[in-house]
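Structural characterization, general
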Amino acid sequence: QVQLAESGGGLAQVGDSLRLSCTTSGHIYSNNDVVAWFRQAPRNEREFVAAILWSGANTTYTDSVKGRFTISRDVAKRMVYLQMNSLQSEDTAVYYCAARFFGVISTRFYHYSYWGQGTQVTVSS
């Protein structure tokens, strides 16, 4: 059974950094698998943040986080991270990690079959 679990969220101030972790289990990853981060603020749709091909050969970011966020993965631990620097109040949301297998990176949430429960990130000014 595939499971994903996020951790590392919390309260931060504008300009601070946080690192989110996504622990995955129940799947042996292949190079064509994708793990992504999405976020959802109250009254907003779920928004793509970043994704990484498990091979590490490709990463994709939404424009608003480019240069501030970095996605990475630890193959041995089967974990994916989202390093978030220079946090802004607009980054406040519940952050989810999601996985799709044997595919390509997609920014569409409905392309991902597996989801974690989410972790809250709140950035105050």
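Residues numbered from 1 in each chain as written. Predicted model: local features only at pLDDT ≥ 70, side-chain atom pairs only at ≥ 80, totals over all residues. Heavy atoms only, no water.

Scanning the protein from terminus to terminus reveals zero helices and 11 strands. Shown N-terminal to C-terminal, the secondary structure of the protein runs as helices and strands in the order β-β-β-β-β-β-β-β-β-β-β. Relative to the 2.2 N^0.38 estimate, which gives 14 Å for 125 residues, the radius of gyration of the protein is 13 Å and therefore close to what a compact globule would have. In terms of overall dimensions, the protein has a C-alpha envelope of 40 × 25 × 25 Å along the principal axes. Residues counted as buried form 44% of the 125 residues belonging to the protein. Long-range contacts, defined as pairs at least 24 residues apart, comprise 57% of the intrachain contacts of the protein with a sequence gap of at least 6. Of the roughly 6500 Å² of accessible surface on the protein, 45% is carried by carbon and sulfur atoms. Across the protein, the centroid of the 11 positively charged side chains sits 5 Å from that of the 9 negatively charged ones. (Helix = DSSP H or I, 4+ residues; strand = E, 2+ residues; numbered from the N terminus. Rg over C-alpha atoms; globule rule 2.2 N^0.38 Å. Buried < 20%, exposed > 50% of the residue type's maximum accessible area, 1.4 Å probe, protein only. Contact = heavy atoms within 4.5 Å. Areas by Shrake-Rupley, 256 points an atom, 1.4 Å probe, with all protein chains shown as cover. Lys, Arg positive; Asp, Glu negative; His and termini not counted. Charge placed at Lys NZ, Arg CZ, Asp CG, Glu CD.)

By size, the foremost hydrophobic cluster in this structure holds 28 residues, and its most contacted members are Trp37, Leu82, Met84 and Tyr95. When contributions to this core are tallied by element, the ones reaching two or more residues are β3 (18–25), β4 (34–40), β5 (47–53), β7 (69–74), β8 (79–84), β9 (93–100) and β11 (119–124). Here this core gets four residues from one element, more than from any other, and that element is β9. Once residues lying within four places of it in the same chain are set aside, the contact partners of Leu82 are Leu18, Arg19, Leu20, Trp37, Val49, Ala50, Phe69, Thr70, Ile71 and Tyr95. Within the second largest apolar cluster, nine residues are counted, among which are Val34, Phe48, Ala51 and Tyr112. (Core = buried A, V, L, I, M, F, W, Y, C linked by side-chain atoms within 4.5 Å.)

With that settled, consider the pattern of salt bridges. Overall, the coordinates contain four salt bridges when judged by the stated rule. Residue Glu47 is joined to Arg39 by a salt bridge in which the shortest nitrogen-to-oxygen separation is 2.8 Å. The exposure class of Glu47 is partly exposed, given its relative accessible area of 31%. For Arg68, the salt bridge is made with Asp91, and the minimal N-O distance between the two is 2.8 Å. Highlighted residues: Arg68 in the loop between β6 (59–61) and β7 and Asp91 in the loop between β8 and β9, separated in sequence by 23 residues. One exposure class covers both Arg68 and Asp91, and it is buried. (Salt bridge = Lys/Arg side-chain N within 4 Å of Asp/Glu carboxyl O.)

All right, on to the environment of Thr23 then. Tracing the sequence through the fold places Thr23 in strand β3. Given a relative accessible area of 36%, Thr23 falls into the partly exposed group. Along the backbone, Thr23 and Arg39 are 16 residues apart, and their C-alpha atoms lie at a distance of 17 Å. In contact with Thr23, not counting residues within four places along its chain, are Gln3, Leu4, Ala5, Arg78 and Met79.

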